[in-house]
Structure formats: C-alpha cells, structure tokens
Amino acid sequence: MHACLLKVRTPENLPGIISDRCRMSAPASHSVVCNFIFLTVMASVARYMIRAAVLFLTAAFVSSVFPVSAAAAVRNYRLKVVREYPHDTGSYTQGLFIHDGQMYESTGQYGLSTFRKVDISSGEPLRRLDFSRKYFVEGSAVLGDDLYILTWTNRVAFIYDINTLEYKATKSYPRQGWGLTTDGSQLIASDGSAALYFMTPQLQVTRTLTVRLSGRPVRSLNELEYIGGKIWANVYTSDLILIINPDTGNVEGTVDCTGLLPDSLRTPSTDVLNGIASDPSTGKIYLTGKNWPRLYEVVLEEK
C-alpha cells in the first residue's frame, strides 16, 4: 500500500480551497488526484491575486481623481484692517462690488430697496435707483455691460445698463434671490442653501454646485464675490466667510471676521456681516454689513 501526503500552504482568507491533505491507496490514482488538487489550488490563488490587483488599481485610480487631501486642506484666516471708510447705516447691504474702479451696492428691505453708485470716501451715493415697495432687492453683479439685480421672493431679476443705469428688462427668476457674482463669463448665484448656481447671461442654469466644508454641506450661503479664481461667500447670520473652489465646491479657506465691527459702533439697527467687494485692478478687498456705519479695507493673515 502506498500513501501520498500533499500539504499546501494557502492564504487564510481564501474560502473554498479543499483540504490540504490527500491520502490515496493506489499508485495509479495517486498522481492524477494530486495533480488535480494542485491545479485547483493554483487556480484559486490566481483568482485571489487578480482580485487583489483589481482592488489596488481601483484604489489608486480613485485616489488620483479624488485626492483625500484636497478636501481636507482648509486654510484658516483672520483679518487685518488696512483702512476704514464711512458706510450709510440706512444701507441694508445685499450686494457689493467694484466695476471699473467704481463701487456699487444693492440694498434690501421692502420700501427701502435701492441700487447705488457709491463714493467710497464718504459712503454717500453718487447715483441711486429706488425700487417699488413690493420688491426686496438682493445681490447684484455686472456681466458685460449688463447690471443684474436679484429680488428675494418676487421671482424676478432686473437688468440695467451699467454705464447709464438705464432700465433694460425684467426676467423671470425661478428661485429665491440671495447673493450674485460673476467670473467674467457666467453669473454665479446663491439661494440661502448650500448650492451655487452657474448661469448664462440669459439666467439659464448650466451647473449647480454643492459647497462642502470637510465633506459636509454648508447652508445659508449669502453675498458672493469672485476673487482670484475663487468664490468668496458670506454665511448668513455668522462672522464667517468661505473661500470656495468653483470646480469642486470644496471650501479651501475660512475667514474669521469676528470683531470686525466693534461693539462701540453697534446700535439696535446694526445687523449681520454681509458685503464683499474686490477691486481687480488694485487687489484691494472691502467688507461691510447690513446697516453698518463702516466699510473696511482688509487683508488676510493666516492663523
């Protein structure tokens, strides 16, 4: 009688591999059966190695397309005030921007809504458009020669000629108007949610982007400004400004504006931080708030 003992060492996590001991009683069957077992085991090992290789390559591909570090790398900034300017305490600021070196501001509240061409040095309007009591004006921006002004819940947007401030059109707007800015080729709007809407000059949405901080959506996005290829957004009722990647929606930086307006300048009518403007020709950045008595020129300092 002949006996064959074949012991095969296999990975512990390979299920279904047959017993590693083969005992046969005949020389003829010994070779056939042992060869069969060997081939079966090797096929299982090959399948295991192929699955492992596929998983490795998949993980490598995902990591290259969606790098984890990109979402996690959030820079935190504080403000340094460079200069202070007067600001009209009757301005419930909804939109603030600079076009061709000139500051403009849209203000809200029913019966008080305006659009203003503002003298920075005095805070006084050089020219002013007053809106009907039924409109609550929101964000504003210029694209080409057209000035776009949103309304909160009226579901319309107004278009004016920025050079003359002459009325051109009223367009249907299918959501709440909050903030508005432009990257020079399209309009970008917020509606108080975590979404940003990219629109054509005809107000047709081409893309919607969810803004996320460390992977979580950030709601209450309000006034917007496009600065250095990034979208800056006030977070309503907070002292926080987000710096957003316009391609991914990831927050790449936060700006802590706590204490920008000192308590000594606050009154019962003083409201929240809201208003970001940048002058592309100088790189200067300006911040203010609703019914604030000051407009601030600021620079960022990393914490």
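Please read these numbers as outputs of a predicted model, since none were measured by experiment.

**Student:** How should I be thinking about the pattern of salt bridges in this particular structure?
**Tutor:** Should their charged atoms come close, side chains of opposite charge can pair. Summed over all chains, the structure comprises 9 salt bridges. Across the pair R294 and E84 runs a salt bridge whose closest N-O atoms are separated by 3.3 Å. Of the two residues, R294 is situated in strand β22 (residues 294-302) and E84 in strand β1 (residues 75-86); the sequence distance between them amounts to 210 residues. For R294, a relative accessible area of 25% gives the class partly exposed. Residue D130 pairs with R128 through a salt bridge whose shortest N-O separation is 2.8 Å. Residue classification places D130 among the exposed positions, given a relative accessible area of 53%.

**Student:** Please clarify how the sheet that holds strand β2 (residues 93-99) should be interpreted in this entry.
**Tutor:** Strands belonging to one sheet form pairs held by backbone hydrogen bonds; the direction of such a pair is parallel or antiparallel. What the 4 strands build is an open sheet, ordered β2-β3-β4-β5; its pairing is antiparallel. At either end of the open sheet lies a strand with only one pairing partner, and these are β2 and β5 (125-130). Across the sheet, the mean angle separating the axes of adjacent strands is 15° when strand polarity is ignored.

**Student:** So what exactly am I meant to see when it comes to the environment of A194 here?
**Tutor:** Relative to the helices and strands, A194 resides in the loop between β11 (187-190) and β12 (195-199). Among the residues examined, A194 registers a relative accessible area of 9% and is labelled buried. In sequence terms A194 and R219 are 25 residues apart; their C-alpha atoms lie 4.1 Å from each other. Dropping the residues within four chain positions of it, A194 is found in contact with L209, T210, V211, P217, V218, R219 and L221.

**Student:** I tried to follow the pairing of strand β3 (residues 102-107) on my own but got confused; where do I start?
**Tutor:** Within a regular strand, side chains alternate between the sheet's two faces. When you tally the buried positions in β3, you get 6 out of 6 residues, the bulk of the element. Taking every second residue as pointing to the same face, both faces of β3 are buried, with Q102, Y104 and S106 on one and M103, E105 and T107 on the other. Sheet analysis places β2 next to β3, joined by 6 bridges and oriented antiparallel. Considered in β3, the bridge of F97 is made with Y104. Between β2 and β3, which pair antiparallel one after the other, the connecting turn spans 2 residues, and D100 there sits at a positive phi close to 55°. Relative to strand β4 (residues 114-118), β3 runs antiparallel, the two being bridged by 5 bridges. Residue pairing across strands places T107 opposite T114, the latter belonging to β4.

**Student:** I'm lost on the environment of T181 in this one. Help?
**Tutor:** If you trace the backbone, T181 turns up in strand β10 (residues 180-182). The exposure class assigned to T181 is buried, which follows from its relative accessible area of 5%. Placed 52 residues apart in sequence, T181 and A233 show a C-alpha to C-alpha distance of 9.9 Å. A distance of 3.2 Å separates a polar side-chain atom of T181 from the backbone nitrogen of Y226.

**Student:** Help me understand the side chain of N245 in this model?
**Tutor:** Inspection of the secondary structure puts N245 in the loop between β18 (240-244) and β19 (251-256). Note on N245: relative accessible area 11%, which makes it buried.

**Student:** I'm lost on the nonpolar core in this one. Help?
**Tutor:** Generally speaking, nonpolar side chains in soluble globular proteins are found buried as a group. By size, the foremost hydrophobic cluster in this structure holds 17 residues, and its most contacted members are I241, L260 and L287. Elements that contribute at least two residues to this core include exactly β1, β18, β20 (273-279), β21 (284-289) and β22. Look past the residues within four positions of I241 in its chain and what remains in contact with it is W232, A233, N234, G253, T254, V255, C257, L273, I276 and L287. F131, V142, I162 and L165 belong to the second largest nonpolar core, which has 15 residues in total.

Conventions adopted
Residues numbered from 1 in each chain as written. Predicted model: local features only at pLDDT ≥ 70, side-chain atom pairs only at ≥ 80, totals over all residues. Heavy atoms only, no water. Salt bridge = Lys/Arg side-chain N within 4 Å of Asp/Glu carboxyl O. Helix = DSSP H or I, 4+ residues; strand = E, 2+ residues; numbered from the N terminus. Buried < 20%, exposed > 50% of the residue type's maximum accessible area, 1.4 Å probe, protein only. Pairing = 2+ DSSP bridges. Axes fitted to C-alpha atoms, helices over the stretch in contact; angles between N-to-C directions. Contact = heavy atoms within 4.5 Å. Polar contact = N/O pair within 3.5 Å; in protein donor to acceptor, adjacent residues only side chain to side chain. Core = buried A, V, L, I, M, F, W, Y, C linked by side-chain atoms within 4.5 Å.

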